[in-house]
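# Working through the structure, step by step
As a plain string of letters, each chain reads:
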Number of protein chains: 2
Amino acid sequence: MKFTEGGICAAKGFKASGTYCGIKKPKASNQNPNIKHKNDICLFVSDTVCNTAAVYTQNKVKGAPITVTKSNLEKSGNKSIAVIANSKNANTCNADGVEKAQRMCQLVAEELGVPEEQVIVASTGVIGLTLPIEPIEKAVPVLAKGLCYNKNLEAATAIMTTDTVTKEYAVAFEIGDVTCRIGGMAKGSGMIHPNMATTLNFITTDCAISSELLQKALNEIVKVTYNCLSIDGDTSTNDMVCLMANGLAFNEEIVCEGKEYETFKSALYEVMANLTKMLAKDGEGATKLVMCQVSGAKDMDTAITCAKSVICSPLVKTAMFGADANCGRIMGALGYSGADIDPLKIDLSYKSAKGCIDVCRGGYVVEFDEEKAKEILLDDEITIMVNLNSGDSGITAYGCDLTYDYVKINGDYRT
Amino acid sequence: MKFTEGGICAAKGFKASGTYCGIKKPKASNQNPNIKHKNDICLFVSDTVCNTAAVYTQNKVKGAPITVTKSNLEKSGNKSIAVIANSKNANTCNADGVEKAQRMCQLVAEELGVPEEQVIVASTGVIGLTLPIEPIEKAVPVLAKGLCYNKNLEAATAIMTTDTVTKEYAVAFEIGDVTCRIGGMAKGSGMIHPNMATTLNFITTDCAISSELLQKALNEIVKVTYNCLSIDGDTSTNDMVCLMANGLAFNEEIVCEGKEYETFKSALYEVMANLTKMLAKDGEGATKLVMCQVSGAKDMDTAITCAKSVICSPLVKTAMFGADANCGRIMGALGYSGADIDPLKIDLSYKSAKGCIDVCRGGYVVEFDEEKAKEILLDDEITIMVNLNSGDSGITAYGCDLTYDYVKINGDYRT
């Protein structure tokens, strides 16, 4: 398996395009100066119909695009061929939201001559603001005309909100003698929290694989990647992960579990884990990627609960911002996680490219070199290592520090 | 029922004292300049043995003082006579923690000539730092000598950590023809989160009431006051609420539920609700008190879950800091709360001393006057009103905004 360029266009037969159509937030005075992209809408299309898997937000308040996409995929038997997505407006909590989201699918279906129920729609941005449909009506023909096998970046920039960088990742891997590709793009920076499908994520592959196995693989990998990510504990109303497989690599279709399925899953993990890291590192206001690697858990759920609790703790996050080796806060977060753990078995250490240092043994804080700890924690990728010493399960959760800029970005997001 | 001065000394027969003994944090460079108090240890004592109720943190990592207090009250059959509490050091995650906490009880017992198991011990401050016992050994005789029926403030300042103001409240109320008093003090500013006994809280009363009813009343009132409070989502390892009743008002002892018990509970609610508000308003870095008042819930648990979810949301908290009427974030927080609610029945409005404005009806955002909303949200006490329109239950949860100063205070708490 190896990294490859091309994001959602890495797999054969996927064309993309993006443009600026003029969907506006109410005011735009506090635009992050690091955000130079302008696109606000994108379209991408497969040359042939795709088997499709999806995971949606578990927020009870769901964006209209979620409702419409879910309904379309039910109607089409999990087949899709095109995706339209916009930023700047979430089309959520609006009385005419479903109607507008359906209209977006209809516009794409008419323009491309494909069935409306094979169109996926996604929106991200401000909640509770009427979505203007005219700019989108004008944009769809432009997007269709612009479709290209290498315009993945145009699409990736169109879904950004407070993101400061585009997030794309793709790998090539072998199924039998055939080279397949899987690639994805993601957006998201705040309102990100584990245990739900997180942010907007679109993943494409040319690997031939059944819808059932596609959904199974997606569920399994979401659990250990996106669902182990938290920026701020807030779960969006519009989160969605879509995985589309068009089979154009012409490998023998994967229809049962086994070696090929495992290979596919490994490739999917590689893409999703890397996108997850990118999302964490670009968390709103973040200055560093903070990972919590839990080992020695009695089972996977315990490992996940503990790792998430640590990366979600505002006190841990602010301490990481300050490069403060305050391990009491980590012990505290493990203790209130709800996981069934024995505090007197917990070992803690901090790790980064600058080294590794033990700070807690058997639940008690040990003497350690504060200067060395500071040096490690000043790095921009930090791992908090937690050994529960109670079993063989382990997991890594992904988060970031909590900074002044998070407060600044969110103190006045709409204006 | 009416407010009265005196905090924990408002009730008859309670003496208190506080002093500075020299328990140090590792460094003290970022001391909040608003914090002028110096006391780091206090003692308070009842003239007679008290029926005692307590609620402890649900964090699995528990401070040694929690372990020792719990064990003492078990041994004594829920009787207590004295409390010793220190700040600056939590005596938690230390190998010799229990030994040190026991020693504190022993010192008080010897000095006052009372049974060791009738002494309650509490510590708050930095976790994982060895508690120096010598300063405490020297302080106990000084504290004992200083005990006075009006030194509640000395004690209240001694338990402060990042608190900027002392928190005391007391009321007088009638049981039959007898005037009783109940008063309390609290500390806490960060590491505060609902659904657990929260922060250090000591409440005293001269009302005669059985241990069983005392505990029952405390459990009921904790649920709708402290457990509806969140500053940052972090639950401390050392949280404790102690309620001591010495019976020195000489009312007929309350031994069964009924009118007198309800009166007692109302008084307890008055004290604890006011302390809860003070804790919320003094949240680390907070510029305003943010309350979420949920009505129309199908049951109390639904109301609590929804109200807590709103006040815990970092996105809601930062929006309140920015006086930004971003109601999508409130809808989002209600949606991911886990409560069984119908989004399309939700009405939202903002209220403060500056007025009230509707922002959401039946789950959809309505047009509203942004300038008016801003004016309301610029006040320093804001209520987010949520009507679920699905029943008769309601609750208010207490929180604060998330600000630059929260990040500053916690970026380098230990140094």
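Everything in this summary refers to the structure shown in the same document. Quantities reported herein were computed from a predicted structural model and do not represent experimental measurements.

Once chain A has been moved 0.0 Å along the axis and rotated by 180 degrees, it coincides with chain B to within an RMSD of 0.0 Å. Read as a symmetry element, the transformation amounts to a two-fold axis. Ranked by how close their C-alpha atoms come to the rotation axis, the residues of chain A are headed by Tyr 404 of chain A, at 2.6 Å. An overlap of 100% is found between the interface residues of chain A and their copies at the interface of chain B, pointing to a shared contact surface.

Here helix α11 (residues 404-411) of chain A crosses helix α11 (residues 404-411) of chain B at 170 degrees, and the two axes come no closer than 8 Å. Judged by the inter-axis angle, α11 of chain A sits roughly antiparallel to α11 of chain B. Mapping the contact onto sequence places Tyr 404, Val 407 and Lys 408 of chain A in α11 of chain A and Tyr 404, Val 407 and Lys 408 of chain B in α11 of chain B. Classifying every residue of the contact of α11 of chain A with α11 of chain B by side-chain character gives four nonpolar, no polar and two charged.

Below, the discussion takes up the pattern of salt bridges. This model, assessed by the stated rule, comprises 34 salt bridges over all chains. Note that Asp 47 of chain A is salt-bridged to Lys 15 of chain A, the shortest N-O span being 3.9 Å. Highlighted residues: Asp 47 of chain A in strand β3 (residues 41-56) and Lys 15 of chain A in strand β2 (residues 14-19), separated in sequence by 32 residues. Of the charged contacts, one joins Asp 379 of chain B and Lys 354 of chain B as a salt bridge, the two residues approaching to 4.0 Å between their closest N and O atoms. Of the two residues, Asp 379 of chain B sits in the loop between α10 (370-377) and β14 (381-387) while Lys 354 of chain B sits in the loop between β11 (347-352) and β12 (355-361), which places them 25 residues apart along the sequence. Accessibility expressed as a relative area gives 41% for Lys 354 of chain B, which makes it partly exposed. One continuous salt-bridge network, built from bridges that share partners, spans Lys 216, Glu 220, Glu 257, Glu 262 and Lys 265 of chain A.

Right, let's talk about the sheet that holds strand β15 (residues 393-400) of chain A for a bit. Residues and elements named next belong to chain A. In space, the six strands of this open sheet follow the order β13-β12-β11-β14-β10-β15, with mixed pairing throughout. Looking at which strands have only one partner, the edges of the open sheet turn out to be β13 (364-365) and β15. Pairing of strand β12 (residues 355-361) with β13, which is carried by two bridges, proceeds in the antiparallel orientation. When the bridges of β13 are listed, Cys 360 appears paired with Val 365. Across the sheet, helix α8 (residues 314-321) touches β10 (289-297), β11 (347-352), β14 (381-387) and β15, and the angle it forms with β14 is around 135 degrees.

Parameters at a glance
All residue numbers here refer to positions counted from 1 along the written sequence of the relevant chain. Each chain is given a letter, starting from A, and each ligand a number, starting from 1, according to the order in which they appear as written. Where totals are concerned, whole chains, interfaces and linings use all residues; where local detail is concerned, this predicted model gives features only for residues with pLDDT of at least 70, and gives and counts side-chain atom pairs only at 80 or more. Each side-chain value is derived from all of the structure's non-hydrogen atoms; neither hydrogens nor water enter the calculation. The atoms used to superpose the copies are C-alpha atoms, taken from residues with pLDDT of at least 70 in both, and the fit is least squares. Note on contacts: a residue pair is in contact if any heavy atoms of the two residues lie within 4.5 Å. Note on geometry: axes are lines fitted to C-alpha atoms, helical ones only across the stretch in contact, with angles between N-to-C directions running from 0 to 180 degrees. Each helix is a run of H or I in the DSSP string that is no shorter than four residues. Each strand is a run of E no shorter than two, and both are numbered from the N terminus. Working rule for angles: under 35 degrees goes down as roughly parallel, over 145 as roughly antiparallel, 65 to 115 as roughly perpendicular, anything else as oblique. Three residue categories are used. Nonpolar comprises Ala, Val, Leu, Ile, Met, Phe, Trp, Tyr, Cys and Pro, charged comprises Asp, Glu, Lys and Arg, and polar comprises the others, including Gly. Salt bridge, as applied in this entry: a Lys or Arg side-chain nitrogen positioned within 4 Å of an Asp or Glu carboxyl oxygen. A 1.4 Å probe rolled over the protein chains alone gives each residue an accessible area, and that area as a share of the maximum for its type sets the label: buried under 20%, exposed over 50%, partly exposed in between. For two strands to pair, DSSP has to find at least two bridges joining them.

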